[in-house]
Amino acid sequence: AAAAAAAAAGPAMAVDAGASTVGAASAVAVLGLRVVGVFSSYLVFEPDLERLRPEELRRVRELSISRPGVGNITFHGETDCTALEFEHIVRLEIGSVLVYPESTRKPPVGTDLNKAATVTMYQCWPPTGSKLPQNPASQEKY
């Protein structure tokens, strides 16, 4: 996926009060529309997809998917969330962000989540064997 990545350091990410963690066995059913699949229990969506009306699910602006203390992906522009299987598309782990880990599921560039995004990661350090930069400004990037 095309993505602009930004590394960040600091404590666990603050989660906005308007966001919600989607339960492991939940799916969103709103007036006959459904966000397909089961969401991972550790992902937080902003805006809260469970609270959106069908027409809002078709045009979610600046969709943000996060895992507190691990990282955040903000997909730029509008995203149609009515048929996305997030549990198959997004993986946020310490030191790793994957969008469409199964290449057979990846849509054309600019479609669904295969578009420009900003990635922020926490608990992300230089590779083993590398030394942490001594410059305080460079350290702040990690």
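Residues numbered from 1 in each chain as written. Predicted model: local features only at pLDDT ≥ 70, side-chain atom pairs only at ≥ 80, totals over all residues. Heavy atoms only, no water.

*Asks:* Can you lay out the overall build of the chain for me, pointing to particular residues and giving the numbers?
*Replies:* If you tally the helices and strands in the chain, you get three helices and 10 strands. Going residue by residue from the N terminus, the α and β elements of the chain occur as β-β-β-β-β-α-β-β-α-β-β-β-α. By the burial criterion, 36% of the 142 residues in the chain qualify as buried. For the chain, contacts bridging at least 24 residues in sequence account for 53% of all contacts bridging at least 6. Within the structure as shown, the chain displays about 7800 Å² of accessible surface, and the carbon and sulfur contribution to it stands at 53%. (Helix = DSSP H or I, 4+ residues; strand = E, 2+ residues; numbered from the N terminus. Buried < 20%, exposed > 50% of the residue type's maximum accessible area, 1.4 Å probe, protein only. Contact = heavy atoms within 4.5 Å. Areas by Shrake-Rupley, 256 points an atom, 1.4 Å probe, with all protein chains shown as cover.)

*Asks:* Account for the pairing of strand β9 (residues 96-99), naming residues and giving values.
*Replies:* Of the pairings in the sheet, the one linking strand β8 (residues 90-93) to β9 comprises four bridges and is antiparallel in character. From the neighbouring strand, E93 faces β9, where its bridge partner is S96. In this structure, the hairpin formed by β8 and β9 is closed by a connection of two residues, where G95 is found at a positive phi of approximately 80°. (Pairing = 2+ DSSP bridges.)

*Asks:* Lay out the side chain of K115 with the relevant residues and their values.
*Replies:* Following the sequence through the fold, K115 ends up in the loop between β9 and β10 (117-121). Buried within the structure, K115 lacks any salt-bridge partner; its nearest side chain of opposite charge belongs to E62, at an N-O separation of 7.6 Å. At 2.6 Å, the side chain of K115 and the side chain of T79 are in polar contact. (Lys, Arg positive; Asp, Glu negative; His and termini not counted. Salt bridge = Lys/Arg side-chain N within 4 Å of Asp/Glu carboxyl O. Polar contact = N/O pair within 3.5 Å; in protein donor to acceptor, adjacent residues only side chain to side chain.)

*Asks:* Would you mind going over the pattern of salt bridges in detail, with residue names and values included?
*Replies:* Evaluated as defined, the whole model comprises eight salt bridges. A salt bridge links E78 to R59; the shortest N-O distance between them is 2.9 Å. Here E78, found in strand β7 (residues 71-79), pairs with R59, found in the loop between α1 (54-57) and β6 (60-67); they are 19 residues apart in sequence, far enough to count as distant. Put simply, E102 and R105 hold a salt bridge, and the shortest N to O gap is 3.2 Å. A residue is classified by how much of its surface remains accessible, and R105, at 35% relative accessible area, is partly exposed.

*Asks:* Report on the confidence of the model for the chain, specifying residues and quantitative values.
*Replies:* Detailed reading of the predicted model is not advised wherever pLDDT is low. This prediction gives the chain a mean pLDDT of 73; 61% of its residues lie at or above 70. For the stretch residues 1-39, pLDDT sits under 50, and the model shows 104 contacts to residues farther than four places along the chain or on other chains. (pLDDT = per-residue confidence, 0-100.)

*Asks:* I'd love a proper account of the environment of E87, names of residues and values included.
*Replies:* When you line up the elements, E87 lands in helix α2 (residues 86-89). Given a relative accessible area of 21%, E87 falls into the partly exposed group. Taking the C-alpha atoms as reference points, E87 and Y100, 13 residues apart in sequence, are found 10.0 Å from one another. A distance of 3.3 Å separates polar atoms of two side chains, one belonging to E87 and the other to H88.

*Asks:* Got a sec to walk through the environment of N114? Specific residues and values, please.
*Replies:* One can find N114 in the loop between β9 and β10. Taking the C-alpha atoms as reference points, N114 and V99, separated by 15 residues in sequence, lie 7.7 Å from one another. In terms of polar contacts, N114 uses its side chain to reach the backbone carbonyl oxygen of P107, at 2.7 Å.

*Asks:* How would you explain the nonpolar core if you had to name every residue and give the values?
*Replies:* Core analysis: the biggest nonpolar cluster contains 22 residues, and L49, L63, I65, F86 and L113 have the highest contact counts within it. At the level of secondary structure, the elements contributing two or more residues to this core comprise β6, β7, α2, β8 and β10. (Core = buried A, V, L, I, M, F, W, Y, C linked by side-chain atoms within 4.5 Å.)

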